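Examining the three-dimensional arrangement
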Amino acid sequence: MSGNENIKLIVDGKRLDGRELDEMRPLKITAGLLNKADGSALVEWGGNKILAAVYGPVECFPRHESNPYKAKLSCRYLMSPFASKDEHGRAGPNRRSIELSMVLGKALENVVMLEKYPRAMIEVFIEVLQASGGTRCASLVAASVALANAGIPMKDLPVAVAAGKIDGKVCLDCSKDEDNFGQADVPIALAPRNNDILLLQMDGLMTKDEFFKALDYIEKSAPEIHRLEVEALRKAYEETDAQ
Amino acid sequence: MRRIVFPGELLSDKRITSRGIYVENGKSYAALIGFYDDEKEVFIPLEGAYEPNVGDLLIGIVSDVKPNGYVIEVGLPSDTFMSARDFREPLGMGEIIVAKVKSVSETRSISLADPAVLKGGNIIKISSVKIPRVIGKKGSMLSQIKDATKSKIIVGKNGWIWIKGGNEYLATKAILKIEKEAHTSGLTDKIGEFLKNNENGDEHVGQ
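Residues numbered from 1 in each chain as written. Chains lettered and ligands numbered in written order. Predicted model: local features only at pLDDT ≥ 70, side-chain atom pairs only at ≥ 80, totals over all residues.

1. Points about the sheet that holds strand β5 (residues 34–37) of chain B
The pairing of strands in a sheet comes from backbone hydrogen bonds and takes either a parallel or an antiparallel form. Residues and elements named next belong to chain B. Read across the sheet, three strands follow the order β1-β5-β6 without closing on themselves; strand pairing throughout is antiparallel. With one partner strand each, in any of the chains shown, β1 (2–5) and β6 (42–45) form the two edges of the open sheet. For this sheet, the mean angle separating the axes of adjacent strands, direction not counted, is 25 degrees. (Pairing = 2+ DSSP bridges. Helix = DSSP H or I, 4+ residues; strand = E, 2+ residues; numbered from the N terminus. Axes fitted to C-alpha atoms, helices over the stretch in contact; angles between N-to-C directions.)

Listed below in structure tokens is the structure:
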């Protein structure tokens, strides 16, 4: 986020990959592709490829973390060592992925009706196979589709997308280069039913006006992401119709 | 008209109490993927874990033997315990039983009663929300499978189905086909045709 002044991220009003400022990268969602998981989803968003699997409700582990009032939502985000050009070191959780697991878990807890399964645990596994900026938002989209596919009761199907600031301008859905060389990155997750904010982080600096512009971009793109999520879930059933 | 709905979708401006529906500010929203009928105000979930109710018939497996009874696995997050006094003879691990849900506690742990031991046979596990389709209207689907395969079949509400004897392979195939196509209409006819076409083949497998 240091903001290298030598790199121009906006040329002739277009971004490096030819997008407008308020344009998302192409998003493709597939639901229910893992047979052994209760629910699963694959999200291909620009250069990101993220697989989410949901198991549950299962017996709570570790036992002492079980709650007689509600289920525990355990979320694990992992980035594979071959996920991107950068060195990711060896496989397994690291400082960054442990934080992201916590952040995504807390965001999902707002919509998942955990009180339906006291003393149980719902497991969400998110595997980043290929990373290209904005993986936490893509992971949240994958996790929400996988949860719905697993039949876990939810109040809403959350959507998430990041906004950022590149060359002093607010833009939607930062790619990896824009993320690394831009001035700010704001991932936001929304519940599209009432536009409740489930997740909000900010890396870098933005003025108040810029932030509200970013939020506006995100709120405008939320219905489109929600539509793609619903289409993916619907398709999981239509495919069996055709056979 | 029946339509497919997704979590968070507005179903009605009235309060509806049903599985898979939640009410907020007097309006009803879907919490699960399922079919909703606007006229009849009926919601049928397409996915979801088993939710125990008193009186449900369940298939279970003995997962542990304790000095005074058995731990029974029924596919719920918590296992249930049955006293050895409920059985005439001692059981071993892995034995299959069928029993009724006697009570469901506040934390959704259950106790079982009226057990019977099922000797031999196999269990197949399917999603519990698809069990009504396996049974069919007044048991039509199930009796159709039983007639075609000559198998003994007991369907547990927890989505576990015990099959013994006859053409086990065909019965399993048919039930897995029902699970996969549970949301389509005209399923009884489709399965009838499937059973007829495969009646004579594949008997060597699964015996």
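2. Looking at the interface of chain B and chain A
By a widespread convention, an interface's size corresponds to the accessible area lost as its parts come together. Contact with chain B, which involves 21 residues of that partner, is made by 25 residues of chain A. Considering only residue class, the side of chain B that touches chain A consists of 10 nonpolar, seven polar and four charged. (Contact = placed C-beta atoms within 7 Å. Nonpolar A, V, L, I, M, F, W, Y, C, P; charged D, E, K, R; others polar.)

3. A look at the confidence of the model for chain B
Overall, the prediction assigns chain B a mean pLDDT of 93, with 97% of residues at 70 or greater. Overall fold confidence for the complex sits at a pTM of 0.94, while the interface term, ipTM, reaches 0.92. (pLDDT = per-residue confidence, 0-100.)

4. Overview of the sheet that holds strand β3 (residues 21–24) of chain B
All names here are of chain B. Read across the sheet, three strands follow the order β2-β4-β3 without closing on themselves; strand pairing throughout is antiparallel. With partners counted over all chains shown, the strands left at the sheet margins are β2 (10–12) and β3, one partner each. For this sheet, the mean inter-axis angle between neighbouring strands, taken without regard to orientation, is 40 degrees. In this sheet, strand β4 (residues 27–30) lies alongside β3 in antiparallel orientation, the contact comprising four bridges. Its bridge partner lying in β4, Ile 21 is registered against Ala 30.

5. Considerations on the nonpolar core
Core analysis: the largest hydrophobic core is formed by 91 residues, its most contacted members being Ala52(A), Val124(A), Val141(A), Ala142(A) and Ala146(A). The next biggest cluster of nonpolar side chains, apart from the first, holds 36 residues, and it includes Ile59(B), Ile110(B), Ile175(B) and Leu195(B). (Core = buried A, V, L, I, M, F, W, Y, C linked by C-beta atoms within 7 Å. Buried ≥ 20, exposed ≤ 12 C-beta atoms within 10 Å, placed from the backbone.)

6. Regarding the domain arrangement of chain B
We note that the domain assignment places domain 1 (2–45), domain 2 (57–118) and domain 3 (122–197) within chain B. Just the C-alpha atoms count here: the centres of domain 1 of chain B and domain 2 of chain B sit 34 Å apart. (Domains from an automatic or database assignment.)

7. Comments concerning the packing of helix α3 (residues 168–180) of chain B against helix α4 (residues 187–197) of chain B
Residue and element names in this part refer to chain B. For the pair α3 and α4, interaxial distance at closest approach is 11 Å and the crossing angle is 150 degrees. Comparing their axes, α4 and α3 come out roughly antiparallel. The way α3 lies across α4 gives a crossing that is right-handed. Listed contacts from α4 to Leu 170, Ala 174, Lys 177 and Ile 178 of α3 are Leu 187, Ile 191, Phe 194 and Leu 195. Of the residues contributing to the contact of α3 with α4, the split by class is seven nonpolar, no polar and one charged. (Parallel < 35°, antiparallel > 145°, perpendicular 65-115°, else oblique. Left-handed = near helix turned anticlockwise from the far one by under 90°.)

8. A few points about helix α2 (residues 140–149) of chain B
All names here are of chain B. Taken residue by residue, α2 has Met 141, Ile 145, Ala 148 and Thr 149 as its buried positions. In a view along the axis of α2, the buried residues occupy a sector of 85 degrees, so they form one face of it. In α2, the exposed positions that point more than 90 degrees away from the buried face belong to Ser 140 and Asp 147. Those residues of α2 that are buried lie in contact with α1 (131–135), β13 (152–155), α3 and α4. Lys 150 sits one or two positions beyond α2 and adopts a positive phi of about 60 degrees. (Arc of directions from axis to C-beta.)

9. A few points about helix α2 (residues 135–150) of chain A
Residue and element names in this part refer to chain A. The end-to-end C-alpha distance of α2 is 22 Å, a good match for the 22 Å that 16 residues give at a rise of 1.5 Å each. Counting buried residues along α2, 16 of its 16 residues qualify, which places the element largely inside the surrounding structure. Immediately beyond the C-terminal end of α2, within one or two residues, lies Gly 151, with a positive phi of roughly 80 degrees. (Expected span 1.5 Å × (residues − 1).)

10. Describing the environment of Ala163(A)
Residue and element names in this part refer to chain A. Inspection of the secondary structure puts Ala 163 in strand β8 (residues 159–166). Accessibility expressed as a C-beta count within 10 Å gives 28 for Ala 163, which makes it buried. The spatial distance from the C-alpha of Ala 163 to the C-alpha of Ala 143 is 20 Å, given a sequence separation of 20 residues. Contact partners of Ala 163, with chain neighbours within four places excluded, come to Val 170, Cys 171, Leu 172, Val 186, Ala 214, Tyr 217 and Ile 218.

11. Let's talk about the environment of Val117(B)
Residues and elements named next belong to chain B. Note on placement: Val 117 falls in strand β11 (residues 110–118). Using a count of 14 C-beta atoms within 10 Å as the deciding quantity, one classes Val 117 as partly exposed. When the C-alpha atoms of Val 117 and Ala 99 are compared, they prove to be 8.8 Å apart, with 18 residues separating the residues in sequence. When residues no more than four places from it in sequence are discounted, the contact partners of Val 117 are Phe 87, Leu 91, Glu 95 and Ile 97.

12. Focus: unusual backbone geometry
All names here are of chain A. Look at the link from Gly 56 to Pro 57: it is a cis peptide, with omega at -5 degrees. Secondary-structure assignment places Pro 57 in strand β5 (residues 48–59). Going from Phe 61 to Pro 62, the amide bond is cis rather than trans, its omega being -5 degrees. Inspection of the secondary structure assignment puts Pro 62 in the loop between β5 and β6 (72–79).

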